[in-house]
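Structure at a glance
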Amino acid sequence: MWLTLAANKILEDRVNDQDSPADSETSESLAEIQNFTLFVSSWNVGGITPPAELNMEDLLDTRNELADIYVLGFQEIVPLNAGNIMVTENTSISMQWNSLIRAALNKTTIGHQKAEVGESQKVYPLKRENNSTHFDCIISKQMVGIFITIWARTPLLPYIRHTSVSSVGCGIFGCLGNKGSVSVRFCLHETSFCFVCCHLASGGKEGDKRERNANASQILSRTRFPSDPFHCLPSKILQHEVIWLGDLNYRIYLPEPTTRSLVNDQQWSTLLQNDQLKAELREGCTFEGWNEEEIEFPPTYKYNLDSDDYYGCNDQNGKKGKSRTPAWCDRIIWFGKGLKQRQYNRSECKLSDHRPVRAIFTAEVKVQCQSTEASENLVKMFDNL
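For clarity, every value in this text was computed on a predicted model and none was experimentally measured.

As a further point, take the overall build of the protein chain. Assigned secondary structure in the protein chain consists of 10 helices and 11 strands. Taking all contacts inside the protein chain whose residues are at least 6 apart in sequence as the whole, residues at least 24 apart take part in 72%. Of the roughly 17700 Å² of accessible surface on the protein chain, a fraction of 49% belongs to carbon and sulfur atoms.

In structure tokens:
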């Protein structure tokens, strides 16, 4: 059995050395389409360090059928204060989140790992097990408060290649990482994917939407992935199958009392007719050609901590602060012909003032067909060694 697998891998590598992931006519003729399941989630955790007992199984929905690949995006994994904005990565915090994710996906009980002084951000976990239900982290990357981590079933690892990251800062001075994106590109078999994890400009005032649109335009124009002299790899976001996730921060075009009343009555359709991002998707400006599944869940922002009540819905002891009208700030949108969204909902984790959103996609992936005759010849070659 292992000889056949080795032969198939050698054949695939030979084809990959000659062809690009998706563009070669030869590759087209030898490829078939297979479906893979992608789980995607985004959560603004409000600068709160995850407690050791935090159970991620509800967010990851591990009680149901497991996906092939998990893409998790976070915003504000550190408080966005002056000190943290100048530090791109905090390895200790990112490792804590990865440890919790690994425990949930692989049903293990583990403690937080401590990063050594000067240790650079790594890919976790490093352990490899030949188990179809075991998941490994293929890449994780942080830029200030934005963090993306991607996990795949262990048997898929040999077929995930050309992994790279591109970060774009759109925050203070138009370049710092308190706002912006971290994007990851990789090829699964012969199909290239891009996942954009973002945190766009906040605020519900006039003009704030234009700043969010400007952030998104900068991310699209400034994100670049490295090219490869031996493969025609796409370098821009829209040249891939793309899923964009994050705290996009778009608000609702209605007075606050009207919005709160409609939220209380669960009038999602009326609210969404006045949603800024839905308007952008309809008008086809910043997000021309992008798609979002129908929203059938309550706004994800802003909640009182550890509560089901929206901020400002109670008297709060007479204290007055900034107004925070409920909104669907946390979103997942997609671009590409090979993606089909099957699910779109939210988790009820109450760690922060945001509720996480999550989606499940079916992705069409081009898989290289192996020649049975060539495989048999290679197996004979191994037998004669």
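On to the environment of Ile138. On the secondary structure map, Ile138 appears in strand β3 (residues 135–143). Through-space distance from the C-alpha of Ile138 to that of Arg161 is 9.8 Å; in sequence the pair is 23 residues apart.

Below, the discussion takes up the confidence of the model for the protein chain. On average, residues of the protein chain score 86 in pLDDT, and 80% of them reach the 70 mark or higher. Contacts of residues 1–7 to residues separated by more than four positions or lying in other chains number nine contacts, the stretch itself having pLDDT below 50. A low-confidence stretch, residues 109–130 (pLDDT under 50), is modelled with 49 contacts involving residues beyond four sequence positions or located in other chains.

Ordered by their spatial adjacency, five strands build an open sheet running β5-β6-β7-β8-β9, and the pairing between neighbours is mixed. Edge positions in the sheet fall to β5 (160–169) and β9 (330–335), since each of these pairs with one other strand and no more. Recorded for the sheet is a direction-independent mean angle of 15° between the axes of neighbouring strands. Judged from the nine bridges that link them, strand β6 (residues 180–188) and strand β7 (residues 191–199) form a sheet pairing that is antiparallel. Bridge pairing in β7 links Gly180 to His199.

With that settled, consider the nonpolar core. Counting residues in hydrophobic clusters, the biggest one holds 46 residues, and the most contacted among them are Ile150, Phe186, Phe195 and Ile243. At six residues, the largest contribution of residues to this core is made by strand β11 (residues 357–368). With residues up to four places along the chain from it excluded, the contact list for Ile243 reads Leu38, Val40, Cys194, Phe195, Val196, Ile332, Ile333, Trp334, Leu339 and Phe361. Within the second largest apolar cluster, 26 residues are counted, among which are Trp43, Met56, Ala67 and Cys137.

The strand order across the open sheet formed by six strands is β3-β4-β2-β1-β11-β10, and the pairing between neighbours is mixed. The sheet is open, and its two borders are formed by β3 and β10 (339–346), each paired with just one other strand. The average angle at which neighbouring strand axes cross in this sheet is 20°, direction not considered. With seven bridges joining them, strand β1 (residues 31–44) and strand β2 (residues 69–75) adopt parallel strand pairing. Directly across from Phe39, in β2, lies its bridge partner Tyr70. Sheet strands touched by helix α5 (residues 91–106): β1, β2, β3 and β4 (146–153). Its angle to β4, the strand with the most contacts, is close to 30°.

Another aspect to go through is unusual backbone geometry. With the exception of glycine, most residues fall at negative phi, and the peptide bonds are largely trans. In this structure, Lys302 follows Tyr301 across a cis peptide bond, with omega equal to 0°. For Asp61, which is not glycine, the phi torsion reads 55° and is therefore positive. Examined against the element boundaries, Asp61 turns out to sit in the loop between α3 (57–60) and β2. Despite not being glycine, His162 shows a phi value in the positive range, around 55°.

The topology assignment puts Ser352 in the loop between β10 and β11. Here Ser352 falls in the buried class, since its relative accessible area comes to 1%. There is a polar contact of 3.5 Å between the side chain of Ser352 and the side chain of Trp43. A distance of 3.1 Å separates the side chain of Ser352 from the backbone nitrogen of His354, its partner in a polar contact.

This next bit is on the environment of Leu262. Mapped onto the secondary structure, Leu262 falls in helix α7 (residues 256–264). According to the relative accessible area criterion, Leu262 is buried, its value standing at 15%. In contact with Leu262, other than residues within four places in its own chain, are Leu254, Gln267, Thr270 and Leu271.

Counted according to the given criterion, the structure contains 16 aromatic pairs. Measuring from ring centre to ring centre gives 5.8 Å for Phe186 and Phe195, while their planes differ by 25°; the resulting arrangement is stacked. Residue classification places Phe186 among the buried positions, given a relative accessible area of 0%. Since its relative accessible area comes to 0%, Phe195 is described here as buried. Three or more aromatic residues joined by ring pairs form one cluster here, namely Trp43, Phe74, Trp97 and Phe147. Positioned above the aromatic ring of Tyr250, the side-chain terminus of Arg212 is 5.5 Å from the ring centre. Across from the ring centre of Tyr311, 5.1 Å away, lies the NZ or CZ of Lys302, which sits over that ring.

With the rule as written, the count across this model stands at 15 salt bridges. Taking the shortest distance from any N to any O, the salt bridge between Lys141 and Glu89 comes out at 2.5 Å. Placement of Lys141 in strand β3 and of Glu89 in the loop between α4 (82–85) and α5 is noted, with a sequence separation of 52 residues between them. Between Lys278 and Glu292 there is a salt bridge; the shortest N-O distance is 3.0 Å. Of this pair, Lys278 sits in helix α9 (residues 276–283) while Glu292 sits in the loop between α9 and β9, and the two are 14 residues apart along the sequence. Exposure remark for Lys278: the relative accessible area of 15% places this residue in the buried category. If you follow the salt bridges from partner to partner, you end up with Asp308, Arg346, Glu348, Lys350 and Arg355 in one network.

Cut-offs used in this document
Residues numbered from 1 in each chain as written. Predicted model: local features only at pLDDT ≥ 70, side-chain atom pairs only at ≥ 80, totals over all residues. Heavy atoms only, no water. Helix = DSSP H or I, 4+ residues; strand = E, 2+ residues; numbered from the N terminus. Contact = heavy atoms within 4.5 Å. Areas by Shrake-Rupley, 256 points an atom, 1.4 Å probe, with all protein chains shown as cover. pLDDT = per-residue confidence, 0-100. Pairing = 2+ DSSP bridges. Axes fitted to C-alpha atoms, helices over the stretch in contact; angles between N-to-C directions. Core = buried A, V, L, I, M, F, W, Y, C linked by side-chain atoms within 4.5 Å. Buried < 20%, exposed > 50% of the residue type's maximum accessible area, 1.4 Å probe, protein only. Polar contact = N/O pair within 3.5 Å; in protein donor to acceptor, adjacent residues only side chain to side chain. Phe/Tyr/Trp six-rings, centres within 6.5 Å; stacked < 30°, edge-to-face > 60°. Lys NZ or Arg CZ within 6 Å of the ring centre and 35° of its normal. Salt bridge = Lys/Arg side-chain N within 4 Å of Asp/Glu carboxyl O.

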